[in-house]
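# Reading the structure
What follows is each chain in one-letter form.
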Amino acid sequence: MAIGTTAEATTGTTDTAARPRAHTFLRASVVLQTVAILFQAVTAGLLLSTSYGETLHSVGARVMYGSSMLYLLAAVLAWRPGGGSPRPILYATGFLVLASAQVVLGVAHVPSVHVPLGVVVFGLSVAALVRMPAVRATRRTAGTRD
């Protein structure tokens, strides 16, 4: 029993050290993705009303697509070395597919599908962010008091 406990304590230390970092990176990537999608909504309005709106929306599309790829990378890193659930990989892959569809529809100038899909993607990204549990620091030193 003592040997199993020691082995668990040894592996638990490295797992718990890697898990918060991987989870923080995952959460940050979802925040970046959500902000990038919100930026796309704002620049879509600018696209209709200003001359520079198209440029901003085009740059935002690249950032949004890159943030979707970053989310997938973060999900894989949170799963593999961090020891987390593989479920975020499925979500991140879905977001990357939806982002790809958004880019294709935007380039093809199909606003009747592009705009509603953008609203759905933003809602799903906010839902993914809200459902993600917060990382709480549980480490305390022996001499520290609250």
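Residues numbered from 1 in each chain as written. Predicted model: local features only at pLDDT ≥ 70, side-chain atom pairs only at ≥ 80, totals over all residues. Heavy atoms only, no water.

### Considering the packing of helix H3 (residues 87-107) against helix H4 (residues 111-131)
For clarity, the cut-off: Whenever a helix is involved, its axis is fitted only over the stretch in contact; in every case the axis is a line through C-alpha atoms, and angles between N-to-C directions fall within 0 to 180 degrees. Helix and strand assignments follow DSSP, with helices taken as H or I runs no shorter than four residues and strands as E runs no shorter than two, numbered in order from the N terminus. Just so you know how the angles are binned, under 35 degrees is roughly parallel, over 145 roughly antiparallel, 65 to 115 roughly perpendicular, and the rest oblique. Left-handed is the label given to a crossing in which the near helix is rotated counterclockwise from the far helix by less than a right angle, and right-handed is the label when the rotation is clockwise. Here, two residues are considered to be in contact whenever any of their heavy atoms come within 4.5 Å of each other. Three classes are used: nonpolar for Ala, Val, Leu, Ile, Met, Phe, Trp, Tyr, Cys and Pro, charged for Asp, Glu, Lys and Arg, and polar for all others, with Gly counted as polar.
For the pair H3 and H4, interaxial distance at closest approach is 10 Å and the crossing angle is 160°. As summarised for this structure, H3 and H4 are arranged roughly antiparallel, according to the angle between their axes. Once H3 is placed against H4, the crossing between them reads as left-handed. For the pair H3 and H4, contact is made by Tyr91, Phe95, Leu98, Ala101, Gln102, Leu105 and Gly106 and by Val113, His114, Leu117, Gly118, Val121, Leu124, Ser125, Ala128 and Arg131, respectively. Of the residues that constitute the contact of H3 with H4, the class distribution is 10 nonpolar, five polar and one charged.

### Some points on a nonpolar patch on the surface
We count it as follows: Patches here: salt-bridge-free residues with over 30% relative accessible area, like charges joined within 9 Å, nonpolar side chains (Val, Leu, Ile, Met, Phe, Trp, Tyr) joined within 5 Å. For accessible areas, the Shrake-Rupley method is used with a probe of radius 1.4 Å. Any residue's cover is judged against the shown protein chains and nothing else. Think of a salt bridge as a Lys or Arg side-chain nitrogen and an Asp or Glu carboxyl oxygen that are within 4 Å of each other. For each residue, the accessible area found with a 1.4 Å probe, counting protein chains only, is set against the maximum for its type, and the residue is called buried under 20%, exposed over 50%, and partly exposed in between.
Side chains of Phe25, Leu73 and Leu77 sit close together on the surface and give an oily, nonpolar patch of about 230 Å² of accessible area. On the accessibility criterion, Phe25 (30% relative accessible area) is partly exposed.

### Thoughts on the packing of aromatic side chains
The following threshold applies: Stacked, tilted and edge-to-face are the three classes assigned to paired rings of Phe, Tyr and Trp, where Trp is represented by its six-membered ring and a pair needs centres within 6.5 Å; plane angles under 30 degrees give stacked, over 60 edge-to-face, the rest tilted. Consider the ring centre and the ring normal. A charge sits over the ring if Lys NZ or Arg CZ is within 6 Å of that centre and within 35 degrees of that normal.
The tally for this structure, following the rule as stated, stands at one aromatic pair. Lying across the ring of Trp79, Arg80 places its NZ or CZ 5.2 Å from the centre.

### Notes on unusual backbone geometry
At His109, a position not held by glycine, the phi torsion is positive, near 55°. Residue placement: His109 occurs in the loop between H3 and H4.

### So, the nonpolar core
Soluble globular proteins tend to bury their nonpolar side chains together. Quick reminder of the rule: For our purposes a nonpolar core is just a set of buried Ala, Val, Leu, Ile, Met, Phe, Trp, Tyr and Cys residues, chained together by side-chain atoms within 4.5 Å.
Counting 19 residues, the largest nonpolar core has Leu26 and Tyr71 as the members making the most contacts within it. Among the elements of the structure, helix H1 (2-49), helix H2 (53-79), H3 and H4 are those that each provide at least two residues to this core. Look past the residues within four positions of Tyr71 in its chain and what remains in contact with it is Leu26, Ser29, Val30, Gln33, Pro88, Tyr91, Ala92, Phe95 and Ala128.

### As for H3
Here is the rule: To estimate the expected span of a helix, subtract one from its residue number and multiply by 1.5 Å.
An ideal rise of 1.5 Å per residue puts 30 Å on 21 residues; H3 measures up with 31 Å between its terminal C-alpha atoms. The set of residues buried in H3 consists of Pro88, Ile89, Ala92, Phe95, Leu96, Ala99, Gln102 and Leu105. Looking at the residues trailing H3, positive phi occurs at His109, about 55°.

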